[in-house]
Amino acid sequence: MNDHELDIILKKSLQPDVSVDDTLFNEKEELKNMKPMWIIKPAIALVACAAIVFSVFTFNNNANVTTNNSSQSTDTTNAFALKVKAVGKQVIELKKDVSIASRYGEVGAWGGGENDDNNYETDYYETFPIACEGNNIDKITYSINNGSFQIINVKGDGFVVDGEKVAPLDKGGILPKSCSDRGITNMEDMLAENYEEGYYSSFTVDPDFQESEDVIVNICDNLTVDEETYRKIWCFSVGPYKDKDISKLSKEENIKMLELVKEGMNDVLSNVVINCTVTYRDGTTESKEIGVTKIVVTPEEAKTLEGFKNKKVKVPSLYTAYKAL
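Residues numbered from 1 in each chain as written. Predicted model: local features only at pLDDT ≥ 70, side-chain atom pairs only at ≥ 80, totals over all residues. Heavy atoms only, no water.

This part covers the nonpolar core. Among the nonpolar cores identified, the biggest contains 54 residues, and Phe-128, Tyr-142 and Phe-149 are the most heavily contacted of them. Among the elements that make up this core, the one with the highest residue count is helix 5 (residues 251-269) (6 residues). (Core = buried A, V, L, I, M, F, W, Y, C linked by side-chain atoms within 4.5 Å. Buried < 20%, exposed > 50% of the residue type's maximum accessible area, 1.4 Å probe, protein only. Helix = DSSP H or I, 4+ residues; strand = E, 2+ residues; numbered from the N terminus.)

See below:
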């Protein structure tokens, strides 16, 4: 299966109302053994195994501009809340065990393949859409227990106040909106245009500079998974749907397939815990934990789910969602 055929299948079966023009491909190298093909779409990023690995980038077209004093108020009581940039251009406070679909929930990258040791690997990038608001906040620190944060920003902009750097994945990523505005479509051009990329196990930001069209934060990882998890994630290429024309699946069968993919991805994401620690101006600290998950949303369910008020869901879709733990 070549990349054109695969794209047609994805476009028709998984998110048929998405334009193929929204996808960018950059071939990286040919590998001796079977390796994953990377694809990012503003829908579900699912791909078949192939002998070519792609380094893929797409744009965060919904990023907000830098805000000033958004996290502070005149209240003298120390307090903070975590909010997710949800679908329908809403900002919703995270709640305990309530999964709120990310505004960028249909943008992500998952890769998979069998490595040289005959073990199964999975790689992923997901946009991190969390905002922190509160009173008397001096600084905000995010840390992750598994994987890392990929941060792309303009050199010298001061977005990362402090952080613990880790080794880069060198797999792909999601670029800031300003890259699209400037016609930048790959990592090499991005780095040549005064942007920089860093990977962190934890990073600290100023409460008054949490977002910008020049900044993107992604969570990502490369890890070994068991065969069952691998075959769930890639169920349409090496699992139970590999011999089926998934572009012709009924709505019910499509939901079953997406549920299987969701299970596999959540086998991975259930081990991810993100901690947000706020340091107040008086030196005291307070922390909250964030979980990430995949959810399948049907057009019928979207009518009752929080965050989908202004979002029309035309077909069953897989979303990335966040929740308070």
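To continue, consider the sheet that holds strand 10 (residues 130-135). Taken in spatial order, the 3 strands of this open sheet run 6-5-10, and their pairing is antiparallel. The sheet is open, and its two edges are formed by strand 6 (90-93) and strand 10, each paired on a single side. The average undirected angle you get between the axes of adjacent strands in this sheet is 35°. (Pairing = 2+ DSSP bridges. Axes fitted to C-alpha atoms, helices over the stretch in contact; angles between N-to-C directions.)

Let us now look at the pattern of salt bridges. Taken as a whole, this structure holds 14 salt bridges when the rule is applied. For Lys-294, the salt bridge is made with Glu-126, and the minimal N-O distance between the two is 2.8 Å. Separated by 168 residues along the polypeptide, Lys-294 in strand 18 (residues 285-297) and Glu-126 in strand 9 (residues 120-127) bring together distant segments of the chain. Both residues of the pair, Lys-294 and Glu-126, count as buried. The salt bridge involving Arg-182 is made with Glu-193; its shortest N-O contact spans 2.9 Å. Taken as a pair, Arg-182 in the loop between helix 2 (177-181) and helix 3 (187-192) and Glu-193 in the loop between helix 3 and strand 15 (195-205) lie far apart in primary sequence, 11 residues in all. (Salt bridge = Lys/Arg side-chain N within 4 Å of Asp/Glu carboxyl O.)

The tally for this structure, following the rule as stated, stands at 10 aromatic pairs. Measuring from centroid to centroid gives 5.3 Å for Phe-128 and Tyr-142, while their planes differ by 85°, and the two rings are edge-to-face. With Phe-128 in the loop between strand 9 and strand 10 and Tyr-142 in strand 11 (residues 137-144), this residue pair connects regions lying 14 residues apart in the sequence. Each member of the pair, Phe-128 together with Tyr-142, is buried. When the ring of Tyr-142 is compared with that of Phe-203, the centres are 5.5 Å apart and the planes differ by 35°; the resulting orientation is tilted. One end of the pair, Tyr-142, is in strand 11; the other, Phe-203, is in strand 15, and 61 residues separate them in sequence. The exposure class assigned to Phe-203 is buried, which follows from its relative accessible area of 2%. Clustering of aromatic rings is evident, with ring pairs tying together Phe-128, Tyr-142, Phe-149, Phe-159, Phe-203, Phe-209 and Tyr-322. Over the aromatic face of Phe-80 sits the side chain of Lys-288, whose NZ or CZ is 4.5 Å from the ring centroid. (Phe/Tyr/Trp six-rings, centres within 6.5 Å; stacked < 30°, edge-to-face > 60°. Lys NZ or Arg CZ within 6 Å of the ring centre and 35° of its normal.)

It is worth spelling out helix 5 at this point. Taking 1.5 Å per residue, 19 residues should reach 27 Å; helix 5 reaches 26 Å between its end C-alpha atoms and fits that length. Here helix 5 has its buried residues at Asn-254, Met-257, Leu-258, Val-261, Gly-264, Met-265, Asn-266, Val-268 and Leu-269. (Expected span 1.5 Å × (residues − 1).)

Before going further, it helps to examine unusual backbone geometry. With a phi close to 55°, Lys-89 is a non-glycine residue in the positive phi region. Within the fold, Lys-89 resides in the loop between strand 5 (79-86) and strand 6. Accessibility expressed as a relative area gives 68% for Lys-89, which makes it exposed. For Asn-136, which is not glycine, the phi dihedral falls at a positive 60°. Within the fold, Asn-136 resides in the loop between strand 10 and strand 11. For Asn-136, a relative accessible area of 13% translates into the label buried.

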